[in-house]
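A structural walkthrough
Each chain, written out:
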Amino acid sequence: MGRVAFLIRFALVVAANSGIETALGDPIYVDQGPTWTAEDRADYYTRDQGSRLIKLTWLRALKTKDGQPFLSDGLTRYGFLPNPGNNANLPVGLHTTGPADSPMVGITCSACHTRQVEVEGKTYRIDGGPAFMDFQEFLSDLDKAVGDVTASDTAFAAFAAAVSQPATPSAADVAALRQRVDAWHRRVHAFVTGTLPPVGWGPGRLDAIGIIFNRISGTDVGPPPDFLIKENMRIADAPVRYPFLWNTPMQNQTDWAGFVSNGNRVFALARNTGQALAFANFEPKKRSLGLFFDYANSINFDGLERLEKLVLKMGPPKWPREWPFDKKLADEGQKLYQRHCSDGCHEKKEIHALRDLFATTWETPLKNVGTDTRQFDELGWRVKTGALKGAGTPGVARDLEEEDYAVHMMFSAVAGTILNYKLSLGSELGAGDGFGSSLPRNGQVARTASKSPLPASPAPARASAEPPSAQPSGPPESLTIEPWTFFKRTLKRGKYEARVLEGIWAAAPYLHNGSVPTLAELLVPPAKRMSQFKVGARYDIKNVGLDVTQEGPNRPVTDCNDLNSGNSRCGHDYGTRLSDDEKKALLEYLKTL
């Protein structure tokens, strides 16, 4: 058995390093440098970061709307990628953790940041690339599947029998399980109905900022037993394309709007803690003595630090050797790139940041190039701070007021969580049943007054170019965050990070909101760009991006008359005045990055 395992690992290493297509239709792993190995990849696909979503036995017992097991296709129907190394039939990015007799399903970075494209009948895997997964549809269907089993005693009895196999559950066991499932579903359903927009984000996008803000302020800081503050949750209608991960640790600023400091190990831990809180258990409270807070959480900090090391090893993908490439034309394009794209915007410029005397980072300028502005609205969300009222970290995150900006609340939660970890002050928070539905200390789940089923959450509609309704009390054109701290800075509407473009050929669709399908289309004046296109894995290596004629979900986008729709294709008109021959040369060079 050990010899077989060794031979399998050896074959994967050979495949990864030679670019050959492995047997059984497995993907070709695109070359991402000598430091990125098959072992690293396997670790990246399943490394636990502390996310706690749902019990594996529950997930296995759920059914789809057509009566099939929820895990029947390994969730590939949502665009998740198969992971043959996972014996629970979970895809890349979903993993199990906890006791062997009661494993919990968690989500890790690779779910949203692993790409697979199709060219001429072959599939190519790009680790760290933006996924084509539809996370909104997955969450919506998961909520509905659990709602279906709690809708009647008959449905729940069948679910309880499946969860308890091979044993037959007693009436008391079924009643106890029902309380736990109801507790999980109340929280998840509140989050799903309060967060997911009626028009779906579609494959390859999600509103990460809205998700994190709603999780922290809407599901984690309210009164027990459910810890909900439903009125804090807003519809997350500013979707962005999943960013690529290679070279992320080198950026001086990160997140699309550049409001997260980055570039050293401390900021990396803060960046990763913030995203981990989206699906970790988090139960902050003020300590009974003193002014300090207990930021109890399920985050796996060893896992976060390991994931950061893996991303540091992950190189940008190289244009596959078997795809057409004209070096002479690329050399001509390099000169155009220096003149139109690099200097002062996408250049790789190392700087010494004053906040870290030992590390250099890449300057990440924030630019307003006329693109969609919707994400800035979320930075103006104000929420009740609940259990985190008064929480803060001197010099890092100011004390929260009774009502405050959600972005300040996120910074306070992240800073406090890390400080508790470093000083070993925080309480350990168990996995419970996932999604923050941890058991109280007496082990009993609180009963609710009513057993009536929750109202159904609306299924996400297919993408539409119709603008979403405006959020209440429109935000200003600028916002100063973290005043009275070392990290005070002013954000301005419409400004986004200008990243170093290594591997940009593998990151379609383009602009922060994924509103332009190919690099060739990005060189077209905004008013003449496509008003809709198909989204999927089939790649167009001539125009460098999505094959807009493929079968798949449609993505309609708005023009420059509706810059705040969340779906505007406007802006970034650099290179649009080049001749056709110059555009071809520039595209050829972009394949080399």
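So, here is what we can say about the structure in this document.

This paragraph deals with the overall build of the protein chain. Along its length, the protein chain carries 14 helices and 24 strands. For the protein chain, buried positions account for 57% of its 593 residues. Across the protein chain, contacts joining residues at least 24 apart in sequence account for 71% of those joining residues at least 6 apart. Surface summary for the protein chain: the accessible area is close to 26100 Å², and the carbon and sulfur share equals 56%.

Bringing the packing of aromatic side chains into the picture now. One pass over the full model with this rule turns up 21 aromatic pairs. Considering the side-chain rings of F80 and F138, the 5.3 Å spacing of their centres and the 80 degrees angle between planes classify their relative orientation as edge-to-face. Highlighted residues: F80 in the loop between α3 (56-61) and β3 (94-97) and F138 in helix α4 (residues 135-149), separated in sequence by 58 residues. Residue class for F138 comes out buried when judged on its relative accessible area of 1%. Aromatic pair F301 and Y421: ring centres 4.0 Å apart, planes at 10 degrees, arrangement stacked.

A contiguous nonpolar surface patch, about 260 Å² in accessible area, is contributed by L419, L423 and L425. The exposure class of L425 is partly exposed, given its relative accessible area of 42%.

This part is about the pairing of strand β19 (residues 489-492). Only one face of β19 is covered, namely the one carrying R489 and L491; the face carrying T490 and K492 has none of its residues buried. Two strands pair when backbone bridges link them, and strand β18 (residues 478-481) and β19 are joined in this way by 4 bridges, in the antiparallel orientation. Bridge pairing links T480 to T490 in β19.

Direction vectors running N to C along helix α2 (residues 38-46) and helix α9 (residues 301-313) enclose 135 degrees, while the axes themselves pass 10 Å from each other. Here α9 runs oblique to α2, going by the angle between their axes. The crossing of α2 and α9 is left-handed. Note on element contacts: α9 touches α2 through R306, L307, L310 and K313, opposite D40, D43 and Y44. Across the contact of α2 with α9, the residue classes break down as 3 nonpolar, no polar and 4 charged.

Most of strand β12 (residues 293-297) sits out of view: 5 of its 5 residues are buried. Residue alternation in β12 divides its side chains into two sets, F293, Y295 and N297 and D294 and A296, and both sets are buried. Pairing between strand β11 (residues 282-286) and β12: 5 bridges, direction antiparallel. Looking across to β12, one finds that P284 is bridged to Y295.

Below, the discussion takes up unusual backbone geometry. Going from Q165 to P166, the amide bond is cis rather than trans, its omega being 5 degrees. In this structure, the amide linkage connecting P224 to the following residue, P225, adopts the cis form with an omega of 10 degrees. Backbone geometry at F435 places phi at a positive 55 degrees, although glycine is not the residue there. Relative to the assigned elements, F435 resides in the loop between α12 (406-422) and β18.

What follows deals with the sheet that holds strand β2 (residues 54-55). Sheet strands associate in pairs through backbone hydrogen bonding, adopting either a parallel or an antiparallel arrangement. Read from one edge of the open sheet, 3 strands run β2-β4-β3, paired in antiparallel fashion. What marks the edges here is a single partner per strand, and that holds for β2 and β3. In terms of strand pairing, β2 meets strand β4 (residues 104-107) through 2 bridges, oriented antiparallel. Paired with K55 across the strands is M104, a residue of β4.

One finds L62, F138, F159, F259 and L388 to be the most contacted residues of the largest nonpolar core, which totals 88 residues. Looking at this core element by element, the count peaks at 8 residues for α12. Not counting chain neighbours up to four residues away, the residues in contact with F138 comprise L53, F70, L75, Y78 and F80.

Another aspect to go through is the sheet that holds strand β6 (residues 122-127). Across the sheet, which stays open at both edges, the 3 strands sit in the order β1-β6-β5 with mixed pairing between neighbours. In this open sheet, the two edge strands, each paired with only one partner strand, are β1 (28-29) and β5 (114-119). As paired elements, β5 and β6 share 6 bridges and run antiparallel to each other. Within the sheet, the bridge partner assigned to V117 lies in β6 and is Y124. Along the sheet, α2 makes contact with β1, β5 and β6, crossing β6 at roughly 75 degrees.

About the cut-offs
- Residues numbered from 1 in each chain as written.
- Predicted model: local features only at pLDDT ≥ 70, side-chain atom pairs only at ≥ 80, totals over all residues.
- Heavy atoms only, no water.
- Helix = DSSP H or I, 4+ residues; strand = E, 2+ residues; numbered from the N terminus.
- Buried < 20%, exposed > 50% of the residue type's maximum accessible area, 1.4 Å probe, protein only.
- Contact = heavy atoms within 4.5 Å.
- Areas by Shrake-Rupley, 256 points an atom, 1.4 Å probe, with all protein chains shown as cover.
- Phe/Tyr/Trp six-rings, centres within 6.5 Å; stacked < 30°, edge-to-face > 60°.
- Patch = residues over 30% accessible without salt bridge, like charges linked within 9 Å, V, L, I, M, F, W, Y side chains within 5 Å.
- Salt bridge = Lys/Arg side-chain N within 4 Å of Asp/Glu carboxyl O.
- Pairing = 2+ DSSP bridges.
- Axes fitted to C-alpha atoms, helices over the stretch in contact; angles between N-to-C directions.
- Parallel < 35°, antiparallel > 145°, perpendicular 65-115°, else oblique.
- Left-handed = near helix turned anticlockwise from the far one by under 90°.
- Nonpolar A, V, L, I, M, F, W, Y, C, P; charged D, E, K, R; others polar.
- Core = buried A, V, L, I, M, F, W, Y, C linked by side-chain atoms within 4.5 Å.

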